[in-house]
Amino acid sequence: MFIQTESTPNPATLKFLPGQSVLGKGTADFPSAEVAGKSPLAQRIFAVGGIYGVFLGTDFITVTKGEDIAWEHIKPAILGAIMEHYQSGDPVLIGEAESAGHADHEEADEAIVSQIKELLDTRVRPAVAQDGGDITFHGFDQGVVYLHMQGACAGCPSSTVTLKMGIENLLRHYIPEVTEVRAIDL
């Protein structure tokens, strides 16, 4: 098994590409070892130590490390954990992956919300997935769009620029009712 790695805009996060499906569909975000119980793969990666988050996509795994440890010290152990998992035959997840979808919204702004979700799905999420993350819609209220950032996007130094200069400008251009975009933590 040959596992490729790619850097992400977040220096604390590295993207691992095992060359096969990770999740057939959806995503799974594990911001700590305590919530990784339903993923044998995430549990193996957290067992390496110094790991602050694991995000699983359709064909990639992003791992976020602590600032006190260098990639050259931890990367071989992560690669070993991923290989060990795939050789074990264990499932990546026990149960279903998250829908990786957007939050539902009330009827009043449904046409606007539908346009926001369409732009996110066609223009934003594919680009963000290339960097090892995901962004989902979580609300629209009085012109403000609330988005949740996951994987490499969460905690990325350039995420504010991406959010404000990229996503906000895109949404404001196509949807005049949008006045601002804000990130939320769940």
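All of these numbers come straight from a predicted model, not from anything done at the bench.

**Brief notes about the overall build of the protein chain**
- A count of helices and strands for the protein chain gives 4 helices and 8 strands.
- The order of α-helices and β-strands along the protein chain, N terminus first, is β-β-β-α-β-β-α-α-β-β-α-β.
- The C-alpha atoms of the protein chain give a radius of gyration of 17 Å, which matches the 16 Å a tight globule of 186 residues would have.
- For the protein chain, the C-alpha atoms occupy an extent of roughly 50 × 35 × 25 Å along the three principal directions.
- The long-range share in the protein chain, meaning contacts at least 24 apart out of those at least 6 apart in sequence, stands at 61%.
- A total of about 9,300 Å² of accessible surface is found on the protein chain, and carbon and sulfur atoms cover 51% of it.
- Placing the 12 positive and 25 negative side-chain charges of the protein chain at their respective mean positions leaves the two points 4 Å apart.

**Points about the nonpolar core**
- Ranked by size, the top nonpolar core spans 26 residues in total, and within it Ile45, Leu56 and Ile61 carry the most contacts.
- Residue assignment for this core shows that the elements contributing at least two residues are β2 (13–17), β3 (28–30), α1 (40–46), β4 (51–56), β5 (61–65) and α2 (71–88).
- The dominant element in this core, judged by the number of residues it contributes, is α2, at 7 residues.
- For leucine 56, the residues in contact, after removing those within four places along its chain, are Val22, Leu23, Gly26, Thr27, Ala28, Phe30, Ser39, Leu41, Ile61 and Val92.
- Judged by nonpolar contacts, the second largest core, of 21 residues, contains Val113, Met149, Cys153 and Leu171.

**Describing the sheet that holds β4**
- Spatially, 5 strands are ordered β1-β2-β5-β4-β3 in an open sheet, and the strand pairing comes out antiparallel. Every other strand in the sheet has two partners, leaving β1 (4–7) and β3 as the edge strands with one partner each. On average, each strand axis in the sheet is inclined to that of its neighbour by 20 degrees, with strand direction left out of account.
- Here β1 pairs with β2 via 4 bridges, running antiparallel. Along β2, the bridge assignment pairs serine 7 with leucine 14.
- Lying over the sheet, α2 contacts β1, β2, β4 and β5, oriented at roughly 35 degrees with respect to β2.

**Quick word on the pairing of β5**
- Within β5, 5 of the 5 residues are buried, leaving the element largely enclosed by the surrounding structure.
- The alternating pattern of β5 places Ile61, Val63 and Lys65 and Thr62 and Thr64 on opposite faces, both of which are buried.
- Of the pairings in the sheet, the one linking β2 to β5 comprises 4 bridges and is antiparallel in character. What sits directly across from phenylalanine 16, in β5, is isoleucine 61.
- What sits between the antiparallel neighbours β4 and β5 is a turn of 4 residues.

**Thoughts on the environment of isoleucine 112**
- Here isoleucine 112 is to be found in helix α3 (residues 110–130).
- For the pair isoleucine 112 and glutamate 6, spaced 106 residues apart in sequence, the C-alpha separation works out to 36 Å.
- Isoleucine 112 has contacts with Phe140, Ile175 and Glu177, leaving out every residue within four places of it along the chain.

**As for the sheet that holds strand β7 (residues 144–151)**
- Pairing is mixed across the open sheet formed by 3 strands, whose spatial order is β6-β7-β8. Each end of this open sheet is capped by a strand with a single partner; those strands are β6 (133–141) and β8 (180–184). Taken pair by pair, the neighbouring strands of this sheet meet at an average axis angle of 30 degrees, ignoring direction.
- Relative to β8, β7 runs parallel, the two being bridged by 5 bridges. Residue pairing across strands places valine 144 opposite glutamate 180, the latter belonging to β8.
- Strand contacts of helix α4 (residues 159–174): β6, β7 and β8, with the helix running at about 140 degrees to β8, the strand carrying the most contacts.

Cut-off values and rules
Here the residue index of a chain counts from 1 through its sequence in written order. Given that this is a predicted model, residues contribute local features only at a pLDDT of at least 70 and side-chain atom pairs are listed and counted only at 80 or more, while totals for whole chains, interfaces and linings are drawn from all residues. In computing side-chain properties, one takes all heavy atoms of the structure into account and sets aside hydrogens as well as water. Numbering goes from the N terminus for both helices and strands, where a helix is a DSSP run of H or I of at least four residues and a strand is a run of E of at least two. C-alpha atoms define the radius of gyration, and 2.2 Å times the number of residues to the power 0.38 defines the globule rule. Here a residue-residue contact requires only that any non-hydrogen atoms of the pair lie within 4.5 Å. Throughout, the Shrake-Rupley method with a 1.4 Å probe supplies accessible areas, and for residues the shown protein chains are the sole cover considered. The charge count includes Lys and Arg as positive and Asp and Glu as negative, but it does not include His or the ends of the chains. Charged groups are reduced to one reference atom each: NZ for lysine, CZ for arginine, CG for aspartic acid, CD for glutamic acid. What is meant by a nonpolar core is a set of buried Ala, Val, Leu, Ile, Met, Phe, Trp, Tyr and Cys residues, joined one to another through side-chain atoms within 4.5 Å. Exposure categories follow from relative accessible area, calculated using a 1.4 Å probe and restricted to protein chains: below 20% of the type maximum is buried, above 50% is exposed, and the middle band is partly exposed. Two strands are counted as paired when DSSP detects at least two bridges linking them. Note on definitions: angles span 0 to 180 degrees between N-to-C directions of axes, and those axes are lines fitted to C-alpha atoms, for helices only across the stretch in contact.

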